[in-house]
Amino acid sequence: MGKKIFIKTFGCQMNEYDSNRIYDSVKKIGFKKTDNKENADCFVLNTCHIRDKAKEKVYHEIGRVKKIYKKKIKPIIIVAGCVAQAENQEMLKREPYIDVVIGPQSYHKINNVIKKLEIKNQREETEFDTVSKFKYFDEIKNSSNKVSAFLTIQEGCDKFCHFCVVPYTRGPEYSRPYDKILSEAEVLIKNGAKEITLLGQNVNAYSYLENSKEYRISNLINELEKYSELERIRYTTSHPKDMTDDLIDCYGSNKKLMPFVHLPIQSGSNNILRKMNRKHTVEDYINIFNKIKKKNPEVEFSSDFIISYPGETDNDFDDTLLLIKKIKFINSYSFIFSPRPGTKAANLELLDKEISNERLMRVQKTLSDQQLKMNKSFEEKILEVLVENKMQNQSKLFGRNKYLNSVIFDGNENYIGKILNVKIEKTNRNSLFGKIHNNKDMRAA
Ligand code: SAM
Ligand code: SF4
């Protein structure tokens with residue numbers, strides 16, 4: 001029997017991509033993936049450090065594993081990702097059950113680390129070695145066979161928003177070579193991807209220089225459009241400062257770029273944006289919104305909001321609510337400010353908890369009402385849905401429309417990977433429910 005590895009991912013799509021690539025690597029030293037915590041030889045917990053709760057989740061997970069293996073041979077425990085980067089020695093001290101911590105720019109060393117573990121007990125691999133990491137993975141085929149695949153093109157951040165750990169956990173901005181990204185995209189498409197989401201902490205800061213020509217994310221999007229089997233292109237997460245005209249133009253000219261932009265603003269008040277060191281204003285944001293809408297009025301926006309950033313007044317908060325109503329954001333994320341050790345905002349005075357909770361509820365209610373309204377507007381309409389998979393333990397299919405809404409409907413597995421017309425009958429805040437409508441493909445399926 002081969003060795004088994006259990007990989008658990010916390011946090012964002014970039015971590016999901018990293019977990020897949022970690023698996024692609026450990027396969028070479030004989031590991032097979034398992035979903036059963038009871039019989040793993042190695043656990044990889046790929047962590048997120050954006051908010052404090054994420055760190056505690058990791059310790060809880062290790063506690064559960066410890067219980068399972070109390071009377072069995074201890075499995076290898078590897079903590080990967082951003083918590084590992086930020087907390088390295090502290091984690092090893094707090095939880096001796098952990099064998100090794102590996103930062104997000106060091107996980108290409110995982111095979112060697114596992115091999116060395118038999119000789120040396122605890123180790124830390126948290127250097128920023130982004131170039132070697134991607135070089136290593138360029139040689140290992142991406143085995144993802146998902147209809148909707150992720151592809152990391154850029155990592156790290158040089159912007160240093162005062163609240164954020166990313167520049168400390170993922171390191172400086174780095175853009176992967178243009179041709180390597182396209183080669184990986186080709187592999188994903190060959191494996192069946194119909195949709196590719198380009199990933200990066202600042203994905204639209206992508207900039208790769210070759211023979212004095214600069215390649216930007218717009219070049220990648222336009223090149224990907226040429227692959228006939230690929231139907232949809234998305235990217236996330238972007239920063240308003242890097243929303244350049246070449247990218248905005250894609251919304252008017254590129255047929256495969258989806259009309260949905262996730263563009264975090266964090267606050268609707270310039271006063272707070274300045275305090276956060278965001279390097280853009282509310283007016284800059286509205287200007288981008290107007291320019292994109294001019295290129296394609298169908299485009300919808302979603303965003304991230306940090307509520308109760310230190311110093312946020314009632315007026316600042318009202319400005320955020322006003323902006324949410326003006327842009328009519330859909331699908332957005334909102335969080336109460338969580339102080340992160342080592343960042344500039346770590347020791348600022350926090351707002352009263354009750355006020356913060358009340359503000360968060362108001363923001364979430366406004367966002368949720370907008371989402372509901374948008375979803376309701378889909379009822380009786382026929383939408384193009386990319387079918388991603390069959391739902392677990394059900395005969396239903398799961399897919400997404402252009403705006404990333406979940407769409408659920410009856411159908412057989414032959415539709416997976418196809419774009420179908422689905423007539424929406426019912427909606428709630430999270431999902432749309434419908435029926436397949438007059439598809440030519442139906443006869444073939
Ligand atoms: N690079 C993107 C940008 O600049 O907009 C954001 C990427 S960040 C990894 C994802 C989101 O986490 C942020 O947009 C922010 O809303 C949230 N976040 C980051 N640090 C936070 C903190 N200290 N407290 C609460 N939310 C935080
Ligand atoms: Fe974090 Fe995004 Fe700011 Fe970079 S730009 S520091 S990733 S929030």
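Above this text is the structure in question.
Conventions we followed
- Residues numbered from 1 in each chain as written.
- Chains lettered and ligands numbered in written order.
- Predicted model: local features only at pLDDT ≥ 70, side-chain atom pairs only at ≥ 80, totals over all residues.
- Heavy atoms only, no water.
- Pairing = 2+ DSSP bridges.
- Helix = DSSP H or I, 4+ residues; strand = E, 2+ residues; numbered from the N terminus.
- Axes fitted to C-alpha atoms, helices over the stretch in contact; angles between N-to-C directions.
- Contact = heavy atoms within 4.5 Å.
- Near = heavy atom within 4 Å.
- Polar contact = N/O pair within 3.5 Å; in protein donor to acceptor, adjacent residues only side chain to side chain.
- Areas by Shrake-Rupley, 256 points an atom, 1.4 Å probe, with all protein chains shown as cover.
- Nonpolar A, V, L, I, M, F, W, Y, C, P; charged D, E, K, R; others polar.
- Expected span 1.5 Å × (residues − 1).
- Buried < 20%, exposed > 50% of the residue type's maximum accessible area, 1.4 Å probe, protein only.

Can you lay out the sheet that holds strand 21 (residues 419-427) for me, pointing to particular residues and giving the numbers?
What the five strands build is a closed barrel, ordered 18-19-20-22-21; its pairing is mixed. Adjacent strand axes in the sheet meet at a mean angle of 55° when their direction is disregarded. Two strands pair when backbone bridges link them, and strand 19 (residues 396-400) and strand 20 (residues 406-410) are joined in this way by five bridges, in the antiparallel orientation. In the sheet register, Gly-399 faces strand 20, and the bridge partner there is Val-407.

Any details on the side chain of Thr-197? Residues and values, ideally.
With respect to the element layout, Thr-197 can be found in strand 10 (residues 195-199). Apart from the residues within four sequence positions on either side, Thr-197 is in contact with Ala-149, Phe-150, Leu-151, Arg-234, Tyr-235 and Thr-236.

If you had to explain the site of ligand 1 to someone new, which residues and values would you point to?
Residues in contact with ligand 1 amount to 16 residues; listed here are only the nearest, Gln-201, Gln-266, Arg-278, Asp-304 and Ser-338. Contact distances for ligand 1 include 2.9 Å between a nitrogen atom and a backbone N or O atom of Phe-163. Alone, ligand 1 offers 570 Å² of accessible surface; in the complex the protein occludes 89% of this. Split into classes, the residues belonging to the shell around ligand 1 amount to seven nonpolar, five polar and four charged.

Residues and numbers for the environment of Thr-237, please.
Along the chain, Thr-237 falls in the loop between strand 13 (232-236) and helix 9 (245-253). Once the C-alpha coordinates of Thr-237 and Thr-313 are considered, the two residues, 76 residues apart in sequence, prove to be 28 Å apart. Separated by 3.3 Å, the side chains of Thr-237 and Thr-236 make a polar contact.

Report on helix 13 (residues 353-377), specifying residues and quantitative values.
In this model, helix 13 (25 residues) spans 36 Å end to end at C-alpha, consistent with the 36 Å of a helix rising 1.5 Å per residue. Listed in full, the buried residues belonging to helix 13 are Ser-356, Arg-359, Leu-360, Val-363, Thr-366, Leu-367, Ser-368, Gln-370, Gln-371, Met-374 and Asn-375. Packing partners of the buried residues in helix 13 comprise strand 15 (300-302), strand 16 (304-307), helix 12 (314-327), strand 17 (333-336), strand 21 and strand 22 (431-436). With a side-chain oxygen positioned 3.0 Å from the backbone nitrogen of Glu-354, the residue opening helix 13 is Asp-352.

Residue-level account of the sheet that holds strand 7 (residues 148-152), with values.
Strand pairing in a sheet is mediated by backbone hydrogen bonds. Such pairs are either parallel or antiparallel. Read across the open sheet, the three strands follow the order 7-10-13; overall the sheet is parallel. Each edge of the open sheet is held by one strand with a lone partner, namely strand 7 and strand 13. Across the sheet, the mean angle from the axis of one strand to that of its neighbour is 25°, orientation sign disregarded. For strand 10 and strand 13, the ladder comprises five bridges, and the chain directions are parallel. Paired with Leu-198 across the strands is Tyr-235, a residue of strand 13.

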